[in-house]
Amino acid sequence: MNNWRDKLFVTLQYLVPQHSLSRLVGMLARSEVPWIKTTFINLFMKRFGIDLSEAQIEDADQFPSFNAFFTRALKADARPLEASGDNEIACPADGAVSQLGAIRANQIFQAKGHDYSLYDLLGGDSALASEFTNGQFATIYLSPRDYHRVHMPFTGTLRETRYVPGDLFSVNEATANGVPNLFARNERLVCIFDTEQGPMAVILVGAMIVAGIETVFSGQVTPLPKQVVTTDYLRTASITLQKGDELGRFLLGSTVVMLFPEGKAGFADNLKAGSQVQVLGKLGAYAH
């Protein structure tokens, strides 16, 4: 960690009641009481310099709640699908690259001095973890000012989801540098898709004061009982999402982790930790 402020920030997160605080903020964020939602929206816009010119609703007063403001839809032409080639992989979210690259056996790089395991990230399923051993990963951090809907990197049919309970640490750079196994210990929803190139995992990771995670196929999925909950979508209704389709959204900001099998995917040469990315831009491509 860079300095004493980062160390204090991480230490405080161990001490505060993470879930209770997050649920309280979530309750306020859902409120449609005019003075509550207006106060939250105005403070947030001023603190993070939010620009609504790309949003479908440009007047902050027209949002019914803070959540509606935070998960605001963009205008149809705001994020064109740049990764339009048959084998190109689209970026799932606005934000910054936290890390990306090769999965070393079953270890994923988090930050200097910190790796975490596929097995832990995927909620303790060794068979599922084996599908991505020695594959590729990309971790995208969504800052509070970013667009907070998550879109499909590649066309796929939903095989299953795994809700994995956990902590709610912040997922910014300071915490990634200071909390071991961060993405494998925070609450998360693992979405496994089958694509023409093999399996693909899109993992929505919760964080401090993230009031919930929603998907287009199941609605809000957190909070749930404090155990791993697996939903087999192949046994229910077939759900296929096209590249660029909305997959879900965060009710306050967080992180998306993507996993690809061995020898299948590669990332654009200009991307590295800290690179700014936009949803539907070209993240990488599958090998021909």
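These numbers come from a predicted model, not from an experiment.

## Quick word on the overall build of the chain
A tally of helices and strands in the chain yields eight helices and 18 strands. Residues classed as buried in the chain amount to 53% of the 288 residues present. Taking the contacts inside the chain whose residues are at least 6 apart along the sequence as the reference set, 77% of them involve residues at least 24 apart. When the accessible surface of the chain is summed, it comes to about 12700 Å², and 52% of that surface belongs to carbon and sulfur atoms.

## Section: the layout of surface pockets
Its boundaries defined by the atoms lining it, the second largest pocket holds a volume of some 380 Å³. Surrounding the second largest pocket, 21 residues form its lining, Arg79, Asp94, Arg145, Asp146 and Tyr147 being those nearest its centre. Elements with a minimum of two residues in the lining of the second largest pocket: strand S2 (95-102) and strand S17 (276-277). Across the lining of the second largest pocket, the residue classes tally to eight nonpolar, six polar and seven charged.

## Some words on the sheet that holds strand S11 (residues 219-220)
The strands that make up a sheet are held in pairs by hydrogen bonds between backbone atoms, and each pair lies either parallel or antiparallel. Taken in spatial order, the four strands of this open sheet run S6-S14-S10-S11, and their pairing is antiparallel. The outermost strands of the open sheet, each flanked by one partner alone, are strand S6 (149-151) and S11. Judged from the four bridges that link them, strand S10 (residues 212-215) and strand S14 (residues 246-251) form a sheet pairing that is antiparallel. What sits directly across from Ile213, in S14, is Phe250.

## Topic: the nonpolar core
Most often, soluble globular proteins have nonpolar side chains that are buried together. In this structure, Phe193, Met200, Phe217, Leu247, Phe260 and Leu283 are the most contacted members of the largest nonpolar core, which totals 36 residues. With residues up to four places along the chain from it excluded, the contact list for Phe217 reads Leu158, Thr161, Cys191, Tyr233, Ile239, Leu241 and Leu247. Tyr116, Ala176, Val257 and Leu259 belong to the second-largest nonpolar core, a separate cluster that totals 26 residues.

## Points about the confidence of the model for the chain
A residue-level look at the chain finds 88% of positions with pLDDT of 70 or above and a mean pLDDT of 87. Element-level pLDDT for the chain is lowest in helix H1 (residues 4-15), with a mean of 62, against a maximum mean of 97 in strand S1 (residues 88-90).

## Here's the deal with the environment of Leu204
Residue position: Leu204 is located in strand S9 (residues 198-205). Each C-alpha atom of the pair Leu204 and Leu189 lies 5.2 Å from the other, and the pair is 15 residues apart in sequence. Beyond its immediate stretch of four places on either side in the chain, Leu204 contacts Glu187, Arg188, Leu189, Ile213, Glu214, Leu247, Phe250 and Thr255.

## A look at the sheet that holds S1
As summarised here, the arrangement of the three strands in space is S1-S18-S16, forming an open sheet in which the pairing is antiparallel. Looking at the sheet topology across the chains shown, the edges are occupied by S1 and strand S16 (265-267). When strand polarity is set aside, the average angle formed by the axes of neighbouring strands in this sheet is 35°. Strand direction decides the pairing type here: S16 and strand S18 (residues 282-286), joined by three bridges, are antiparallel. Residue pairing in the sheet places Phe267 in a bridge with Gly284 of S18.

## Some words on the pattern of salt bridges
Any two side chains of opposite charge can pair, on the condition that their charged atoms come close. By the definition in use, this model includes 11 salt bridges. For the salt bridge of Asp94 with Arg79, the shortest nitrogen-to-oxygen distance reads 2.8 Å. With Asp94 in the loop between S1 and S2 and Arg79 in the loop between helix H4 (66-70) and S1, this residue pair connects regions lying 15 residues apart in the sequence. Each member of the pair Asp94 and Arg79 is classed as buried. A salt bridge links Lys282 to Glu88; the shortest N-O distance between them is 3.4 Å. Taken together, the residues span a long stretch of sequence, with Lys282 in strand S18 and Glu88 in strand S1 at a distance of 194 residues. Overall, Lys282 belongs to the partly exposed group, its relative accessible area being 45%. One salt-bridge network, in which partners are shared between bridges, spans Glu54, Arg79 and Asp94.

## Concerning the pairing of strand S15 (residues 255-260)
Regular strands have side chains that alternate between both faces of the sheet. The buried fraction of S15 is high, at six of six residues. Burial along S15 is two-sided: the residues Thr255, Val257 and Leu259 and Val256, Met258 and Phe260 are all buried. Sheet analysis places strand S5 (residues 136-141) next to S15, joined by six bridges and oriented antiparallel. Bridging across to S15, Ala138 finds its partner in Met258. Examined bridge by bridge, S9 and S15 share five bridges and lie antiparallel to one another. Bridge pairing links Val205 to Thr255 in S15.

Conventions adopted
- Residues numbered from 1 in each chain as written.
- Predicted model: local features only at pLDDT ≥ 70, side-chain atom pairs only at ≥ 80, totals over all residues.
- Heavy atoms only, no water.
- Helix = DSSP H or I, 4+ residues; strand = E, 2+ residues; numbered from the N terminus.
- Buried < 20%, exposed > 50% of the residue type's maximum accessible area, 1.4 Å probe, protein only.
- Contact = heavy atoms within 4.5 Å.
- Areas by Shrake-Rupley, 256 points an atom, 1.4 Å probe, with all protein chains shown as cover.
- 1 Å grid on protein atoms, 1.4 Å probe; cavity = no way out; pocket = protein on both sides within 12 Å on 5 of 7 lines; lining within 4 Å.
- Points joined across faces, edges and corners; volume = space filled by probe spheres on them.
- Nonpolar A, V, L, I, M, F, W, Y, C, P; charged D, E, K, R; others polar.
- Pairing = 2+ DSSP bridges.
- Core = buried A, V, L, I, M, F, W, Y, C linked by side-chain atoms within 4.5 Å.
- pLDDT = per-residue confidence, 0-100.
- Axes fitted to C-alpha atoms, helices over the stretch in contact; angles between N-to-C directions.
- Salt bridge = Lys/Arg side-chain N within 4 Å of Asp/Glu carboxyl O.

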